[in-house]
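# Observations on chain architecture
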Amino acid sequence: MTRYVIDTNVPIVANGNDKSVRTECRMAAVNLLLKAIKNGMIYLDTAGEIQTEYRTHLSPNGQPGVGDLFYREVINSHPKKVSRVKVSKRADGEYEDVPQAIVDADFDPSDRKFVAVALKSNACVHNAVDSDWVNDRNLLEGNGVDIVFLCGCDRNQWYQAD
């Protein structure tokens with residue numbers, strides 16, 4: 001069973017609300033989420049930080065978009081589809097599992113929860129259009145974080161031409 005850590009930008013893109021995102025990119029996000037729901041294991045943190053971020057951007061009704069459907073599956077926490085891992089924090093609030101080099105490089109603090117869960121669960125982080133993952137790719141991968149770039153690494157290819 002494939003393991004998934006899914007950055008919030010993936011279900012947001014799958015919902016299709018941003019019409020400037022290329023169709024190919026949106027379809028990659030849709031296909032990934034459907035595959036994760038059907039045959040994968042989605043990893044979240046036990047503290048609920050990832051789920052809280054999802055809740056900010058997605059509908060718990062499971063519609064109208066595939067990103068919302070994905071979020072409903074997360075809420076339902078089906079034990080064969082969703083696994084929660086404990087990621088502890090240090091006294092300074094940083095995740096114990098996030099290498100200090102990533103913290104020192106000032107990688108986006110809001111994305112560190114995905115890094116911690118990915119490292120703890122031995123899963124890949126899936127990204128669609130968050131440039132932080134591209135900007136710090138070498139640092140992240142050099143510290144054991146596997147990243148799947150659904151829309152590629154060229155930010156110019158993520159969006160429709162004006």
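Glancing now at the overall build of the protein chain. Each helix and strand counted, the protein chain has eight helices and five strands in total. Overall, the protein chain shows an N-to-C arrangement of helices and strands of β-α-α-β-α-α-β-α-α-β-α-α-β. A compact globule built from 162 residues would reach a C-alpha radius of gyration of about 15 Å, and the protein chain, at 15 Å, matches this within 12%. With the principal axes as the frame, the protein chain shows a C-alpha extent of 40 × 35 × 30 Å. Just so you have it, the protein chain exposes about 8,000 Å², and 45% of that area is on carbon and sulfur atoms.

Next up on the list: the nonpolar core. Residues I6, Y54 and W133 are the most contacted members of the largest nonpolar core, which totals 52 residues. For this core, the element with the most residues is helix α2 (residues 23–39), which contributes eight residues. Here I6 is in contact with P11, L32, L33, A36, Y54, F70, F114 and H126, once residues within four sequence places are set aside.

This paragraph deals with the environment of A161. In this fold, A161 is placed in the segment after β5 (147–149). Here A161 falls in the exposed class, since its relative accessible area comes to 68%. C-alpha separation for the pair A161 and T52, spaced 109 residues apart in sequence, amounts to 33 Å.

Right, let's talk about the side chain of H126 for a bit. As for its position among the elements, H126 is in strand β4 (residues 124–127). Among the residues examined, H126 registers a relative accessible area of 5% and is labelled buried. In this structure, H126 is in contact with R3, Y4, V5, I6, D7, V10, L32, V148 and L150, ignoring residues within four places of it in sequence.

Taken as a whole, this structure holds eight salt bridges when the rule is applied. With its nearest N and O atoms 2.8 Å apart, the salt bridge here joins R90 to D92. In this structure, R112 and E94 form a salt bridge, with 2.7 Å as the shortest nitrogen-oxygen distance. Residue R112 is found in helix α6 (residues 112–121), and its partner E94 is found in the loop between β3 (82–85) and α5 (100–104); the two are separated by 18 residues along the sequence. Salt bridges here are not isolated pairs; linked through shared partners, they connect E94, D106 and R112.

The end-to-end C-alpha distance of α2 is 24 Å, a good match for the 24 Å that 17 residues give at a rise of 1.5 Å each. Buried residues of α2: C25, A28, A29, V30, L32, L33, A36 and I37, and no others. Along its buried surface, α2 packs onto β1 (2–6), α1 (9–15), β2 (40–45), α4 (66–76) and β4.

All right, on to the state of the cysteines then. The final tally for this structure, using the stated rule, is one disulfide. Here C25 is linked by a disulfide to C151, with a sulfur-sulfur distance of 1.8 Å. Here C25 and C151 share a disulfide; its torsion about the S-S bond, 80 degrees, makes the bridge right-handed. Here the residue C25 occupies a position in helix α2, and C151 occupies one in the segment after β5, the gap between them amounting to 126 residues.

When β1 meets β2, the two strands line up parallel, connected through three bridges. Residue pairing in the sheet places T2 in a bridge with G40 of β2. Pairing of β1 with β4, which is carried by three bridges, proceeds in the parallel orientation. Its bridge partner being in β4, V5 is matched across the sheet by V125.

Cut-offs applied
- Residues numbered from 1 in each chain as written.
- Predicted model: local features only at pLDDT ≥ 70, side-chain atom pairs only at ≥ 80, totals over all residues.
- Heavy atoms only, no water.
- Helix = DSSP H or I, 4+ residues; strand = E, 2+ residues; numbered from the N terminus.
- Rg over C-alpha atoms; globule rule 2.2 N^0.38 Å.
- Areas by Shrake-Rupley, 256 points an atom, 1.4 Å probe, with all protein chains shown as cover.
- Core = buried A, V, L, I, M, F, W, Y, C linked by side-chain atoms within 4.5 Å.
- Buried < 20%, exposed > 50% of the residue type's maximum accessible area, 1.4 Å probe, protein only.
- Contact = heavy atoms within 4.5 Å.
- Salt bridge = Lys/Arg side-chain N within 4 Å of Asp/Glu carboxyl O.
- Expected span 1.5 Å × (residues − 1).
- Disulfide = S-S within 2.5 Å.
- Pairing = 2+ DSSP bridges.

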